[in-house]
Amino acid sequence: MKLLGEDIVTETGEFIINMGPQHPSTHGVLHLKIWLDGETIKKIEPHLGYIHRSIEKMSEKMSYRQFIYLTSRMDYLSAHMNNQACALVVEKALQVEVPERAKAIRILLAELSRIGSHLLWFASVGLDLGGVTPFFYAFREREAINSLMEENCGARLTQNFHVPGGILEDVNPDFQKRVKEVIKQLKDNFHEYDEILTGNVIFQNRLKGVGYLSKEDAISLGCSGPTARASGVVCDIRKSNPYDGYEKLEFDEVVLTGGDSWARYQVRMAEMLQSIKIIEQMIDNMPEGDIVAKTKNVIKLPKGEFYQRVETARGELGVYIVSEGAATPYRCKYRSPNFANLSAIPIAAKGGKIGDLIAIMATVDLIIPDIDR
Amino acid sequence: MNNEELKNSITQILPSATFDESGEFMSVFISSEELLPFMKELRNRDELFFDYLFCETCVDWKDHLMMVYFLNSKTHKHNIVVKAKITDTINPKIESVYDIWKTAELNEDEIFDLFGVTFLNHPNLRRLFMPEDWPGFPLRKNYVDDNMIEL
């Protein structure tokens, strides 16, 4: 049997279907080609390129002040952390010391974006599995975080708040008061999330034992972030290679050994509480002083190769810059967390039912523009 | 292991390897023919045990292509960068490391797509982002496109 010139039934009787690129639960233009035996998944092949913008090629023509802001369009939910990685790689190459106040503001906003990103994931995991109400609960708090971002950075999603050497401008005078309000709202309402979704038996049964990813597979597939930590891999960059002063903060790296969708769910829920803990430690003792270190107008990196990694909401983002001493990078490579985590889906879903694929995709939490770049 | 100990172990495996310690991670330069047996040793020897390939990419140096592998050991917490030089830029070929690290599958698809490097023994080599009939390889330095705008 053929459809549009392609076989849809293989010789061994497997049925081939296409999921995406326009599918509500793939969160973007992800196209998965799936080989099915009845309802059982035999093989998955991801097809990409629907939102490929060639950010790496564009970066080769941009100055070190400009290329930072392209990365906001990669993982648009961790735009702040992506920018931070690029700013840090330039600072590392120039050996610039970032002022303490700038570091504190960077971390505060990064942790707020991490919470905001996990809240959107919480909203969509409920929505994908058939519950509409969690979406409104999570967006109530996410809206507060986005408004706070807008007041201070001027933008809600793509903050573009970093410059090499620090941050663009100082935060509002009422920043501390507003952050405390947002955190209080989040803490007061957090029990509602557990009540509506975490404790729900139907929801638990959709996730428990579904999409198992072993520790060996997670390491071999290059997974990072909550996806890998749910399989027992210790991989938090904030702990292993601290940057911008994370080494002074007290927080736990959430590592579970379940490896299934339920473990991935629990890791993200626990990470939100850890981010709140970080913010509470910092907000009352923000250092005063400069917000940006002095750098030259035209930044030229010394000849060599530089690699910087940060922990975004979805895992390890690496920026690899090859410099020839010019004002633009010779080669700029982004090691994006979602690209590696994508390869976990075919392994985790193999042998399972097609209905469970939605649960797996929801808990691996992919952002497609970060895969395509 | 620190860099000195890594150097000693690696010289035992491959005496012809050269080192560069100027960057954050130590780089090991090898030729593309030696890649697969060398990588297998890095992965399987207990004292090295590089089990995590966290970044794989390619750099076009106009007269040659350089494959770059960032390796990390989750048990021993040491890092290394392996660089394999491909001298043939017209028809570049190198062994796939998919048998050692499964993350290589998509990474090598991407490098094949954007640099035109053919990976031998790759399970499913295809153009990942660009259309199948796209002319040229966009991340090569000699790539030209009539619609490209100079920034």
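Everything numeric here is computed off the predicted structure, so don't read it as measured data.

### Concerning the overall build of chain B
Consideration 1: A count of helices and strands for chain B gives 3 helices and 7 strands.
Consideration 2: Ordered by position in the sequence, the α and β elements of chain B form the string α-β-β-α-β-β-β-β-α-β.
Consideration 3: For a compact globule of 151 residues, the expected C-alpha radius of gyration is about 15 Å, and chain B comes in at 16 Å, within 12% of that figure.
Consideration 4: For chain B, the spread of C-alpha atoms along the principal axes amounts to about 50 × 30 × 25 Å.
Consideration 5: Within chain B, the proportion of its 151 residues that are buried is 36%.
Consideration 6: A sequence separation of at least 24 residues applies to 46% of the contacts in chain B between residues at least 6 apart.

### Things to note about helix α5 (residues 175–198) of chain A
All names here are of chain A.
Consideration 1: With 24 residues, α5 should reach 34 Å at 1.5 Å per residue; the first-to-last C-alpha distance of 32 Å fits that figure.
Consideration 2: The axis of α5 is deflected most strongly, by about 35°, at N189.
Consideration 3: For α5, the complete set of buried residues consists of V179, I183, L186, Y193 and L197.
Consideration 4: In this structure, the buried residues of α5 make contact with α3 (100–128), α4 (133–153), α6 (201–207) and α10 (261–283).

### Regarding unusual backbone geometry
Consideration 1: Of note, D244 of chain A is a non-glycine position whose phi angle comes to about 50°, a positive value.
Consideration 2: If you trace the backbone, D244 of chain A turns up in the loop between α9 (237–240) and α10.
Consideration 3: Phi at N121 of chain B takes a positive value of approximately 65°, unusual for a residue other than glycine.
Consideration 4: Accessibility expressed as a C-beta count within 10 Å gives 11 for N121 of chain B, which makes it exposed.

### Describing the interface of chain B and chain A
Consideration 1: Contacts between the two partners involve 23 residues from chain B and, on the opposite side, 28 residues from chain A.
Consideration 2: Counting residues per element, the ones that place at least two in the side of chain B that touches chain A are β3 (52–60) and α3 (104–115) of chain B.
Consideration 3: Within the side of chain B that touches chain A, the residues separate by chemical class into 14 nonpolar, 4 polar and 5 charged.

### Overview of the confidence of the model for chain A
Consideration 1: Of all residues in chain A, 98% have pLDDT values of 70 or greater, and the mean over the chain is 87.
Consideration 2: Of all the helices and strands in chain A, strand β1 (residues 2–3) of chain A carries the lowest mean pLDDT, 64, while strand β9 (residues 315–323) of chain A carries the highest, 91.

### A closer look at the nonpolar core
Consideration 1: Membership of the largest hydrophobic core comes to 144 residues, with the highest contact counts inside it found for V89 and I360 of chain A together with L71 and V117 of chain B.
Consideration 2: Ranked by residues supplied to this core, first place goes to α3 of chain A with 13 residues.
Consideration 3: Those residues in contact with V89 of chain A, other than ones at most four positions away along the chain, are F306, Q308, V319 and I321 of chain A.

### Things to note about the pairing of strand β8 (residues 304–312) of chain A
Residues and elements named next belong to chain A.
Consideration 1: Burial analysis of β8 places 8 of its 9 residues in the buried class, which makes it a mostly covered element.
Consideration 2: As paired strands, β8 and β9 are joined by 9 bridges and run antiparallel to one another. Paired with Q308 across the two strands is V319, which belongs to β9.
Consideration 3: Count of turn residues in the β8/β9 antiparallel hairpin: 2 residues.

### Focus: the sheet that holds strand β5 (residues 40–47) of chain A
All names here are of chain A.
Consideration 1: Spatial ordering of the open sheet is given by β3-β4-β5, a layout of 3 strands whose pairing is antiparallel. Only two strands of the sheet have a single neighbouring strand rather than two, namely β3 (15–19) and β5. Taking each pair of neighbouring strands and ignoring which way they run, the sheet shows an average axis angle of 25°.
Consideration 2: In this structure, strand β4 (residues 31–37) lies alongside β5, joined through 7 bridges in antiparallel fashion. Opposite W35, over in β5, you have K43 as the bridge partner.

Analysis parameters
- Residues numbered from 1 in each chain as written.
- Chains lettered and ligands numbered in written order.
- Predicted model: local features only at pLDDT ≥ 70, side-chain atom pairs only at ≥ 80, totals over all residues.
- Helix = DSSP H or I, 4+ residues; strand = E, 2+ residues; numbered from the N terminus.
- Rg over C-alpha atoms; globule rule 2.2 N^0.38 Å.
- Buried ≥ 20, exposed ≤ 12 C-beta atoms within 10 Å, placed from the backbone.
- Contact = placed C-beta atoms within 7 Å.
- Expected span 1.5 Å × (residues − 1).
- Bend = angle between axes of the 7 residues up to and from the residue.
- Nonpolar A, V, L, I, M, F, W, Y, C, P; charged D, E, K, R; others polar.
- pLDDT = per-residue confidence, 0-100.
- Core = buried A, V, L, I, M, F, W, Y, C linked by C-beta atoms within 7 Å.
- Pairing = 2+ DSSP bridges.
- Axes fitted to C-alpha atoms, helices over the stretch in contact; angles between N-to-C directions.

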